[in-house]
Amino acid sequence: MCKNYNYQSHNAPNCEIVTARGFHCEKHFVLTHQGYILEVHRIVTPYFKRKTCHPVILQHGLTGTSSNFIMASPHVPLAPNVVGQNLGFELAKRGRDVWLSNYRGNDYGMQHVSLSSSDEQFWNFTFDEISRFDMPAVIDYVQLATNHSKVSYIGHSQGTAVMFALLSDPVLSIKYNDVIQPFVAISPITRIGNATTIFRHLVKTLHSFSSRLD
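Please read all numbers here as calculations on a predicted model, not as lab measurements.

Draft legend 1. Representation of the side chain of Asn 102 in the model. The topology assignment puts Asn 102 in the loop between strand 4 (96–101) and strand 5 (111–112). Of the polar contacts made by the side chain of Asn 102, one reaches the backbone oxygen of Glu 39; its length is 2.8 Å. Of note is the side chain of Asn 102, whose polar atom sits 3.0 Å from the side chain of Asn 106. Not counting residues up to four positions away in its chain, the partners in contact with Asn 102 are Leu 38, Glu 39, His 41, Gln 59, His 60, Thr 65, Ser 66 and Tyr 108.

This is how it looks when you write it as structure tokens:
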């Protein structure tokens, strides 16, 4: 069914991975309110009519990319009663219109209408901007592209925190609480106060170093 079924390079662009698994892939570019251009990948299943497929956004966690949802295993069992290890393909083969989203600043979010990624201003953003500007832009784009009023959302780690923030925003929640159905949170997180991982200590060290430079 696919010529390069065992292709599994972790450095490969998402669409190469998708097509190597026997699906079709589309690249979409979402412009955010602050001028960031986010590359989003759509998994198109050849087994269902697209207009009947309900859209679902998969949002990765901190330091990740959307490829996290499609590279757990090179093997994609196409039988619907067999569950594989790649969430993106498992949803696609069951008739979902899968959109692999990315944050500004990761491998697929390094473009801007006027800034270079080497510009300091390019990196002058926080988690709040991602929630307030980037996520709504992706959701609106998916709604328009699919002609669906409701969009499902599955987030992992920071991907859950972004949606928690969006759905609790006093203004934006009025719209998006109705649009996002359902919201599935994998390894949900809202704060890192109790985290014991080495990454938390690394962040504190970098913050302290940055403060001394200022």
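Okay, back to it.
Draft legend 2. Here's a closer look at the environment of Ser 73. Secondary-structure assignment places Ser 73 in the loop between strand 3 (54–59) and helix 2 (87–92). Residue class for Ser 73 comes out buried when judged on its relative accessible area of 10%. Spatially, the C-alpha atoms of Ser 73 and Gln 85 are 6.0 Å apart, while their sequence positions differ by 12 residues.

Draft legend 3. A look at the state of the cysteines. A full pass over the atoms with the stated rule returns one disulfide. Between the sulfur atoms of Cys 15 and its disulfide partner Cys 25 the distance amounts to 2.1 Å. When the S-S torsion is -60°, as for the bridge of Cys 15 with Cys 25, the disulfide is left-handed. With Cys 15 in helix 1 (residues 14–20) and Cys 25 in strand 1 (residues 24–31), the pair connects residues that are 10 residues apart, well separated along the chain.

Draft legend 4. View of the pairing of strand 1. With eight bridges joining them, strand 1 and strand 2 (residues 36–44) adopt antiparallel strand pairing. Bridge pairing links Lys 27 to His 41 in strand 2.

Draft legend 5. Focus on the pairing of strand 3. In terms of burial, strand 3 is a largely internal element, five of the six residues being buried. As defined by bridge partners, strand 3 adjoins strand 4 across six bridges and the pair is classed as parallel. Bridge pairing in strand 4 links His 54 to Arg 96. Regarding the hand of the β-α-β motif, the stretch spanning strand 3, helix 2 and strand 4 is right-handed. When strand 3 meets strand 6 (residues 151–156), the two strands line up parallel, connected through four bridges. Pairing of Val 56 across the sheet is with Ser 152, part of strand 6.

Draft legend 6. Molecular detail of the packing of aromatic side chains. Throughout the structure, instances matching the rule amount to eight aromatic pairs. Ring centres of Trp 99 and Tyr 141 lie 6.2 Å apart, and the angle between their planes is 75°; on these two criteria the pair is classed as edge-to-face. Separated by 42 residues along the polypeptide, Trp 99 in strand 4 and Tyr 141 in helix 3 (residues 127–146) bring together distant segments of the chain. By relative accessible area, Trp 99 is classed as buried at 0%. An angle of 65° between the planes, with centres 5.7 Å apart, marks the rings of Tyr 153 and Phe 183 as edge-to-face.

Draft legend 7. Inspection of the nonpolar core at higher detail. Counting 23 residues, the largest nonpolar core has Ile 57, Met 135, Val 138, Ile 139, Tyr 153, Met 163 and Ile 180 as the members making the most contacts within it. Tallying contributions element by element places helix 3 first for this core, with six residues. Sequence-distant contacts of Ile 180, defined by excluding residues within four places in its chain, comprise Ile 139, Val 151, Tyr 153 and Met 163. Core analysis: the second largest hydrophobic core is formed by 17 residues, Phe 23, Leu 58, Val 76 and Ala 92 among them.

About the thresholds
- Residues numbered from 1 in each chain as written.
- Predicted model: local features only at pLDDT ≥ 70, side-chain atom pairs only at ≥ 80, totals over all residues.
- Heavy atoms only, no water.
- Helix = DSSP H or I, 4+ residues; strand = E, 2+ residues; numbered from the N terminus.
- Polar contact = N/O pair within 3.5 Å; in protein donor to acceptor, adjacent residues only side chain to side chain.
- Contact = heavy atoms within 4.5 Å.
- Buried < 20%, exposed > 50% of the residue type's maximum accessible area, 1.4 Å probe, protein only.
- Disulfide = S-S within 2.5 Å.
- Pairing = 2+ DSSP bridges.
- Right-handed = clockwise from strand over helix to strand, strands pointing away.
- Phe/Tyr/Trp six-rings, centres within 6.5 Å; stacked < 30°, edge-to-face > 60°.
- Core = buried A, V, L, I, M, F, W, Y, C linked by side-chain atoms within 4.5 Å.

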